[in-house]
Amino acid sequence: MKLDRGRIIATALQLLDEVGLDQLTLRRLAGELGVQAPALYWHFANKQELLDEMADALTREIPLRPLAEGEPWQDWLADRMRNQRRMLNAHRDAARLFVGARPGPSTLPMFQTALESLRRAGFPPREALRGLFTLGHYVTGFVLEEQAQSAGPPQDDLEQARHWFADHPALFEAIAQSGHPQGEETFEHGLSTILNGMRDHLTSSPPPS
């Protein structure tokens, strides 16, 4: 088969799911493609460029949908963030891949669509962009924690957690009430907190000139 950028990226994403980011080397990728490692440099200047393209390819898995007429912007934005989280969790080490990745050709149209949608909802461009960055960082950071191998006590076993926090009963009680720190309720709470903050900024900001 012809070796091109699309085939290299697709194979790299398959390897990412199989072996993880740390084991995804150019030598291993070349072996999977049946070529020598130097052949990859005809298509990518370095490994970082390949990682950027992989992140961009995963970005295309997130539906690109503008805010619909009459749709509450909070619901629309929350749906986008849930889709982003699902995409990241669908691939091994995807959150780590996205950390530090440079924006690609698929990322910029998504930001443009989101920015224009929030502008129609009344956001000044600066507030809209800051809100999008904050939400993006929150989702990526949350998934980083979800995908990490935690050394802490099993959060679904309250008896073990009770022993772990024996000297901190107030902390244990808060954990017991709040649920798993990487659970759905925790994610939704953080998401709504940021969206409420964006709403407060929107109502307190002067109208765009």
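Residues numbered from 1 in each chain as written. Predicted model: local features only at pLDDT ≥ 70, side-chain atom pairs only at ≥ 80, totals over all residues. Heavy atoms only, no water.

**Brief notes about the overall build of the chain**
Right, on to step 1. The helix and strand tally for the chain stands at 10 helices and 0 strands.
Right, on to step 2. Helices and strands appear in the chain in the N-to-C order α-α-α-α-α-α-α-α-α-α.
Right, on to step 3. The buried share of the chain, reckoned over its 209 residues, is 38%.
Right, on to step 4. If you take every contact in the chain between residues at least 6 apart in sequence, the share linking residues at least 24 apart comes to 72%.
Right, on to step 5. Of the roughly 12,400 Å² of accessible surface on the chain, a fraction of 54% belongs to carbon and sulfur atoms.
Right, on to step 6. The chain carries 21 positive and 28 negative side-chain charges, and their two centres are separated by 8 Å. (Helix = DSSP H or I, 4+ residues; strand = E, 2+ residues; numbered from the N terminus. Buried < 20%, exposed > 50% of the residue type's maximum accessible area, 1.4 Å probe, protein only. Contact = heavy atoms within 4.5 Å. Areas by Shrake-Rupley, 256 points an atom, 1.4 Å probe, with all protein chains shown as cover. Lys, Arg positive; Asp, Glu negative; His and termini not counted. Charge placed at Lys NZ, Arg CZ, Asp CG, Glu CD.)

**A closer look at the packing of helix α4 (residues 73-89) against helix α10 (residues 184-204)**
Right, on to step 1. Where α4 meets α10, the closest approach of the two axes is 11 Å, and the angle between their N-to-C directions is 140 degrees. Between α4 and α10, the crossing angle belongs to the class labelled oblique. The handedness of the crossing between α4 and α10 is right-handed. Residue-level inspection shows Trp73, Gln74, Leu77, Ala78, Met81, Arg82 and Arg85 of α4 in contact with α10, the latter providing Glu184, Phe187, Glu188, Leu191, Leu195, Met198, Arg199 and Leu202.
Right, on to step 2. Grouping the constituent residues of the contact of α4 with α10 by class yields 9 nonpolar, 1 polar and 5 charged. (Axes fitted to C-alpha atoms, helices over the stretch in contact; angles between N-to-C directions. Parallel < 35°, antiparallel > 145°, perpendicular 65-115°, else oblique. Left-handed = near helix turned anticlockwise from the far one by under 90°. Nonpolar A, V, L, I, M, F, W, Y, C, P; charged D, E, K, R; others polar.)

**Thoughts on the environment of glycine 100**
Right, on to step 1. By secondary structure assignment, the location of glycine 100 is in the loop between α5 (94-98) and α6 (107-120).
Right, on to step 2. Accessibility expressed as a relative area gives 63% for glycine 100, which makes it exposed.
Right, on to step 3. C-alpha separation for the pair glycine 100 and leucine 26, spaced 74 residues apart in sequence, amounts to 19 Å.

**A look at the confidence of the model for the chain**
Right, on to step 1. Of all residues in the chain, 91% attain a pLDDT of 70 or more, and the chain-wide mean is 89.
Right, on to step 2. Mean pLDDT across the elements of the chain ranges from a minimum in helix α8 (residues 158-164), with 69, to a maximum in α4, with 97.
Right, on to step 3. Taken as a whole, residues 150-155 scores under 50 in pLDDT and shows 7 contacts with residues more than four places along the chain or in a different chain. (pLDDT = per-residue confidence, 0-100.)

**Points about the nonpolar core**
Right, on to step 1. Counting residues in each nonpolar core, the largest one holds 50 residues, and the members touching the most others are Leu50, Met54, Trp73, Leu77 and Leu118.
Right, on to step 2. Contributions of two or more residues to this core are made by α1 (5-19), α2 (26-33), α3 (47-59), α4, α5, α6, α7 (125-147) and α10.
Right, on to step 3. Not counting residues within four places of it along the chain, the set of residues in contact with tryptophan 73 comprises Leu67, Leu118, Ala121, Phe123, Leu195, Met198, Arg199 and Leu202. (Core = buried A, V, L, I, M, F, W, Y, C linked by side-chain atoms within 4.5 Å.)

**A closer look at the packing of aromatic side chains**
The geometry of an aromatic ring pair comes down to the distance between the two centres and the angle between the two planes.
Right, on to step 1. Applying the stated rule across the entire model yields 5 aromatic pairs.
Right, on to step 2. Between the aromatic rings of phenylalanine 142 and phenylalanine 187, the centroid separation amounts to 5.2 Å while the plane-to-plane angle is 70 degrees, which identifies the pairing as edge-to-face. Of this pair, phenylalanine 142 sits in helix α7 while phenylalanine 187 is found in helix α10, placing the two residues 45 residues apart along the sequence. Neither residue differs from the other here; phenylalanine 142 and phenylalanine 187 are each classed as buried. (Phe/Tyr/Trp six-rings, centres within 6.5 Å; stacked < 30°, edge-to-face > 60°.)

**Points about the pattern of salt bridges**
Right, on to step 1. Evaluated as defined, the whole model comprises 12 salt bridges.
Right, on to step 2. The shortest N-O distance in the salt bridge between glutamate 188 and arginine 82 comes to 2.8 Å. You can see glutamate 188 sitting in helix α10 and its partner arginine 82 sitting in helix α4, a full 106 residues away along the chain.
Right, on to step 3. Here glutamate 188 falls in the partly exposed class, since its relative accessible area comes to 28%.
Right, on to step 4. Of the charged contacts in the structure, one is a salt bridge between arginine 199 and aspartate 200, with a shortest N-O distance of 3.3 Å. (Salt bridge = Lys/Arg side-chain N within 4 Å of Asp/Glu carboxyl O.)

**Let's talk about the side chain of aspartate 52**
Right, on to step 1. As for its position among the elements, aspartate 52 is in helix α3.
Right, on to step 2. Judged by its relative accessible area of 9%, aspartate 52 is buried.
Right, on to step 3. Ignoring sequence-local partners within four residues, the contact set of aspartate 52 consists of Ala101 and Arg102.

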